[in-house]
Amino acid sequence: MKEIKILKKSTFQEAVKFVKHPAKVAIAVVKCNEDKFNLITLEWFMRTSIKPPMFAISIGHSRFSYECLQKHRFFNLCFPSKELAKETLLCGTKSGRDIDKLEVTGLQWFKGRLAQLPVLKDSVANFECEITTQVRSGDHTIYVGEVKHSWLDKDKKVLTHKDLT
Ligand SMILES: Cc1cc2nc3c(=O)[nH]c(=O)nc-3n(C[C@H](O)[C@H](O)[C@H](O)COP(=O)(O)O)c2cc1C
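Each value, and the rule that gives it
- Residues numbered from 1 in each chain as written.
- Predicted model: local features only at pLDDT ≥ 70, side-chain atom pairs only at ≥ 80, totals over all residues.
- Heavy atoms only, no water.
- Near = heavy atom within 4 Å.
- Polar contact = N/O pair within 3.5 Å; in protein donor to acceptor, adjacent residues only side chain to side chain.
- Areas by Shrake-Rupley, 256 points an atom, 1.4 Å probe, with all protein chains shown as cover.
- Helix = DSSP H or I, 4+ residues; strand = E, 2+ residues; numbered from the N terminus.
- Nonpolar A, V, L, I, M, F, W, Y, C, P; charged D, E, K, R; others polar.
- Core = buried A, V, L, I, M, F, W, Y, C linked by side-chain atoms within 4.5 Å.
- Buried < 20%, exposed > 50% of the residue type's maximum accessible area, 1.4 Å probe, protein only.
- Contact = heavy atoms within 4.5 Å.
- Pairing = 2+ DSSP bridges.
- Salt bridge = Lys/Arg side-chain N within 4 Å of Asp/Glu carboxyl O.

### Describing the site of the ligand
Link 1 in the chain: The immediate surroundings of the ligand are formed by 22 residues, with T41, G60, S65, S95 and G96 found nearest.
Link 2 in the chain: Within the contact set of the ligand, an oxygen atom lies 2.9 Å away from a backbone nitrogen or oxygen of T41.
Link 3 in the chain: Burial of the ligand by the protein chains amounts to 86% of its free accessible area of 650 Å².
Link 4 in the chain: Sorting the residues of the shell around the ligand by element identifies β2 (36–42), β4 (54–60) and α2 (64–71) as the ones contributing at least two each.
Link 5 in the chain: In terms of residue count, the dominant contributor to the shell around the ligand is β2 (four residues).
Link 6 in the chain: Tallied by class, residues from the shell around the ligand come to seven nonpolar, 11 polar and four charged.

Here is the structure:
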C-alpha cells in the first residue's frame, strides 16, 4: 500500500520560509512634505482590483513611510529593474528619518502626474496610486490605492528578491 505522507505541525516561522520566495520586490515612493519624498522597499504588496486597477501595500508602523502615508494619501509603486539592486537594498535598510534616499542613491527621476510623485527612471513600471482604503493588520497597515497613471519601459527586466542576495 502507498504510504500517505501527512504534513507535520510546524512553527509559523519555519513554514513561511518555504513559501515566501520567489518574490518580486518593489519600491514605494511616498510624499513626506511639500517638496520631500521617501522611498521604501517592499515585498508585501499585491494587485487587488481589475476595474479600477488597484494595488495594496503593507507598511510597518515603525517605518518613516507609515508616518508619511498617514499624512499624504498617495504612493507610487515602482518595479525596479535589475540594475537597481544596490539602491533597492539601501531603500530597504535605511530610514528616511536619517537620510534623504532620493539624494543618497542618486536615482534619476521625473515628476509624475499625481501629487508630483517622483517616477523612477531605471525601472520597468511605475504605478501612481491614490489611497482609497486602509486596514490595520497587526503591526502593519495595508494601504489600498487606485492606479491613476502607469509608466513602462519595455526594454528593462524586473528585479526579484534573488537579485538582492
Ligand atoms: C527585500 C525587502 C522587502 C521589504 N518589504 C517590506 C514590506 O513589505 N513592508 C514594510 O513595511 N517593510 C518592508 N521592508 C523593510 C523596509 O523597507 C525598511 O524597514 C526601510 O528601511 C523603511 O524605511 P523608512 O523608515 O524610510 O520608511 C523590506 C525590506 C527589504 C530589504
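### Side note on the nonpolar core
Link 1 in the chain: Grouped together as the largest cluster of nonpolar side chains are 23 residues, with contacts concentrated most on L42, I57, I59, L69, F75, L77 and Y143.
Link 2 in the chain: Taken together, the elements giving at least two residues each to this core come down to β1 (26–33), β2, β4, α2, β5 (74–80), β8 (123–137) and β9 (140–152).
Link 3 in the chain: When residues no more than four places from it in sequence are discounted, the contact partners of I57 are A28, L42, W44, F45, L69, F75, L77, T141, I142 and Y143.
Link 4 in the chain: In this structure, I27, F37, L39 and L102 belong to the second largest nonpolar core, which totals 11 residues.

### Comments concerning the environment of N33
Link 1 in the chain: Note on placement: N33 falls in strand β1.
Link 2 in the chain: Classification of N33 by relative accessible area gives partly exposed; the value is 36%.
Link 3 in the chain: As a C-alpha pair, N33 and K71 span 38 residues in sequence and 8.6 Å in three-dimensional space.
Link 4 in the chain: There is a polar contact of 3.2 Å between the side chain of N33 and the backbone nitrogen of K36.

### Re the pairing of β9
Link 1 in the chain: By the bridge criterion, seven bridges tie β4 to β9 in an arrangement that is antiparallel. When the bridges of β9 are listed, I57 appears paired with Y143.
Link 2 in the chain: Sheet topology places β8 next to β9; 12 bridges connect them, and they run antiparallel. What sits directly across from E128, in β9, is H149.
Link 3 in the chain: Between β8 and β9, which pair antiparallel and follow one another directly, the connecting turn spans two residues, one of which, G138, has a positive phi of 60°.

### Brief notes about the pattern of salt bridges
Link 1 in the chain: In total, this model carries eight salt bridges according to the counting rule given.
Link 2 in the chain: Among the salt bridges present, the one from K36 reaches D100, with a minimum N-O distance of 3.2 Å. Here D100 lies in the loop between α3 (85–91) and α4 (101–105) and K36 lies in strand β2, a separation of 64 residues in the sequence.
Link 3 in the chain: Take K36: its relative accessible area is 38%, and that puts it in the partly exposed class.
Link 4 in the chain: On the accessibility criterion, D100 (22% relative accessible area) is partly exposed.
Link 5 in the chain: Each of D122, D153 and K156 takes part in a single network of salt bridges with overlapping partners.

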